[in-house]
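Close look at the chain arrangement
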Amino acid sequence: MFKSQTLFIIGAGASKDIGFPLGATLFANISETLDFYFDFGNLKSGDGDFLDILNRHFQDRSVVNTYLQGARKIAHSGGLASSVDQFIDTHFNDETIQLCGKTAIIYHILKAEKDSSFSELDSNYDLSSNIAALKDTWQFKFSSLLFEGIRLEDLENLFRNISIICFNYDRSIEYFLPYAIMSQYAIDYPEAQKIVDNLHIIHPYGTVGTLPTPSGRGISYGHDPYRLPIVGMKEQIKTFTEQVYDGEQLNEIKNLVANAETIVFLGFGFLEDNMKLLTPSGQAKTKRVYATAYRESDEDRKVFAERIFSMLYPSSSLEDFKSVVEQGNLDIKIDDCDCLELFKQYGRRIQTAIN
């Protein structure tokens, strides 16, 4: 159990340890999928299954050809954008790029879910063995800390001080937790899922779909995208610009940051657009921040610290940063480590911190 109001802010790097591609790799994979080239009507490059999905949706070759132009723009962009998300947002008014880019994101995230280390959790094998096989993931360590001090009769309070803002499209966190709870407390899936429903988790840019409920509705983790109407699902994926227009969720995000006493950044890139989304209107209550910055330089980690300070103290200048830290009002730790290592090093401190 975590004692202070703790907010976890999750980026793409947090899913890497279970097999998900980072932003640049995902962009490259999507570019390869959308690099359609035909020679006398024969497909020479590009993903044939993805092309079939477009053909099934539109049922008009001339319309599909129009959207293939947008697909090629993404494929031939050269990867200069930091992510495919950023490229899509840059071309906010190009419907062909919007549709092909968002559909390709759903296509590849579902494939990555299927190939991830979590994909066997719902198999018929022994659950305890499946969970134990994931001991080298941060999700395992996080759950271990979360369960400490929580008895079976107190399970409804499991997530009392926890909130999550996840910038990823995958559903790995909410997929893993019910199985971890089942293993720890020897309860069935519907009961465990009911507990996870109490977790306050926001995906600012959407997800590839809602996970199935105990009654069966939803999109299963790692579902075959070829068997889904993923073109029609593209509205589930949001760009930065679209998120800014969603005032209700944006206020919810800013309020979570404003009221967090402890903030933990996992696999987060500290891109300026995302920091803007997180920045509340006034000074946050945050006293301590822990963050991963795997293989980032000392100078870049200083920049990340400045961006965190500006997020938490939006009305202050960077000249105030040093005095705020020296007065003990804010402690920022940004380490060159992955998510699991951060929990190994600071897990107890994060868990037991009290203002």
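Above: the structure in question.
Description of the structure in this document. This is a predicted model, so every value here is computed, not measured.

1. Focus on the pairing of strand β4 (residues 162–166)
Among the 5 residues that make up β4, 5 are buried, leaving the element largely enclosed by the rest of the structure. Side chains Ile162, Ile164 and Cys166 project from β4 onto one buried face, and the interleaved Ser163 and Ile165 project onto a second face that is buried too. In the sheet, strand β1 (residues 6–10) pairs with β4 via 5 bridges, with the strands oriented parallel. Residue pairing for β4: Ile9 is matched across the bridge by Ile165. Sheet topology note: the β4/strand β5 (residues 200–202) ladder contains 3 bridges and is parallel. Across the sheet, residue Ser163 finds its bridge partner in β5, namely His200.

2. Comments concerning unusual backbone geometry
With phi around 55°, Gln59 is a residue other than glycine that occupies positive phi space. If you trace the backbone, Gln59 turns up in the loop between α2 (48–58) and α3 (61–75). Non-glycine residue Ala186 carries a positive phi angle of around 55°. Positionally, Ala186 belongs in the loop between α8 (172–185) and α9 (189–196).

3. Notes on the sheet that holds β4
Read from one edge to the other, the open sheet built from 6 strands follows the order β5-β4-β1-β6-β7-β8, with strand pairing classed as parallel. What marks the edges here is a single partner per strand, and that holds for β5 and β8 (331–335). If you compare each strand with its neighbour and ignore which way they point, the axes differ by 10° on average. Here helix α13 (residues 298–312) sits on the sheet in contact with β6 (262–266), β7 (288–292) and β8, set at roughly 145° to β8. Running at roughly 165° to β7, helix α15 (residues 339–352) makes contact with β1, β6, β7 and β8 of the sheet.

4. Observations concerning helix α1 (residues 23–34)
Given a rise of 1.5 Å per residue, 12 residues ought to cover 16 Å, and the 16 Å separating the end C-alpha atoms of α1 matches this to within 8%. For α1, every residue scored as buried is listed here: Leu26, Phe27, Ile30, Ser31, Thr33 and Leu34. Along the long axis of α1, the arc covered by the buried residues comes to 160°, so they all point the same way. Exposed residues pointing more than 90 degrees away from the buried face of α1 are listed as Ala24 and Glu32.

5. Overview of the nonpolar core
Core analysis: the largest hydrophobic core is formed by 71 residues, its most contacted members being Leu34, Ile74, Ile263, Phe265, Leu278, Ile308 and Leu312. A total of 9 residues in this core trace back to one element, the largest contributor, which is helix α5 (residues 95–115). Setting aside residues up to four positions removed in sequence, Leu34 forms contacts with Phe50, Ala71, Arg72, Ile74, Ala75, Cys100 and Ala104. Among the nonpolar cores identified, the runner-up in size contains 50 residues, and Leu158, Tyr221, Tyr346 and Ile350 belong to it.

6. Structural notes on empty space enclosed by the protein
If you walk through the whole model with that rule in mind, you get 1 cavity of 30 Å³ or more. Of the voids in this model, the largest cavity is the one considered here, and its volume is about 50 Å³. Forming the boundary of the largest cavity are Ile10, Ala14, Ser15, Trp138, Gln139, Cys166, Asn168, Asp170, Arg171, Ser172, Ile173 and Glu174. Per element, the largest residue contribution to the lining of the largest cavity is 3 residues, and it comes from α8. Taken together, the residues of the lining of the largest cavity sort by class into 5 nonpolar, 4 polar and 3 charged.

7. Observations concerning the packing of aromatic side chains
Under the counting rule described, the total for this entry stands at 25 aromatic pairs. Here the aromatic rings of Phe270 and Phe304 are separated by 4.8 Å at their centres, their planes lie at 25°, and the arrangement is stacked. You can see Phe270 sitting in the loop between β6 and α12 (272–278) and its partner Phe304 sitting in helix α13, a full 34 residues away along the chain. Accessibility classification places Phe270 together with Phe304 in one group, the buried group. Ring plane angle 45° and centroid distance 5.1 Å describe the contact between Tyr290 and Tyr346, whose orientation is recorded as tilted. Here Tyr290 is found in strand β7, whereas its partner Tyr346 is found in helix α15, with 56 residues between them in sequence. Each of the two residues, Tyr290 as well as Tyr346, counts as buried. Following the ring pairs from residue to residue traces out a cluster consisting of Phe167, Tyr205, Phe265, Phe268, Phe270 and Phe304. Stacked on the ring of Phe38, the Lys or Arg Arg61 has its end atom at 5.6 Å from the ring centre.

8. Quick notes on the pattern of salt bridges
For side chains bearing opposite charge, pairing can occur when the charged atoms are close. Under the counting rule described, the total for this entry stands at 13 salt bridges. As a salt-bridge pair, Glu113 and Arg171 come within 2.7 Å of each other at their nearest N and O atoms. With a gap of 58 residues between them, Glu113 in helix α5 and Arg171 in the loop between β4 and α8 connect regions that are remote in the sequence. With its nearest N and O atoms 2.6 Å apart, the salt bridge here joins Glu148 to Arg348. Separated by 200 residues along the polypeptide, Glu148 in the loop between α7 (138–147) and β4 and Arg348 in helix α15 bring together distant segments of the chain.

Rules and cut-offs
Residues numbered from 1 in each chain as written. Predicted model: local features only at pLDDT ≥ 70, side-chain atom pairs only at ≥ 80, totals over all residues. Heavy atoms only, no water. Buried < 20%, exposed > 50% of the residue type's maximum accessible area, 1.4 Å probe, protein only. Helix = DSSP H or I, 4+ residues; strand = E, 2+ residues; numbered from the N terminus. Pairing = 2+ DSSP bridges. Axes fitted to C-alpha atoms, helices over the stretch in contact; angles between N-to-C directions. Contact = heavy atoms within 4.5 Å. Expected span 1.5 Å × (residues − 1). Arc of directions from axis to C-beta. Core = buried A, V, L, I, M, F, W, Y, C linked by side-chain atoms within 4.5 Å. 1 Å grid on protein atoms, 1.4 Å probe; cavity = no way out; pocket = protein on both sides within 12 Å on 5 of 7 lines; lining within 4 Å. Points joined across faces, edges and corners; volume = space filled by probe spheres on them. Nonpolar A, V, L, I, M, F, W, Y, C, P; charged D, E, K, R; others polar. Phe/Tyr/Trp six-rings, centres within 6.5 Å; stacked < 30°, edge-to-face > 60°. Lys NZ or Arg CZ within 6 Å of the ring centre and 35° of its normal. Salt bridge = Lys/Arg side-chain N within 4 Å of Asp/Glu carboxyl O.

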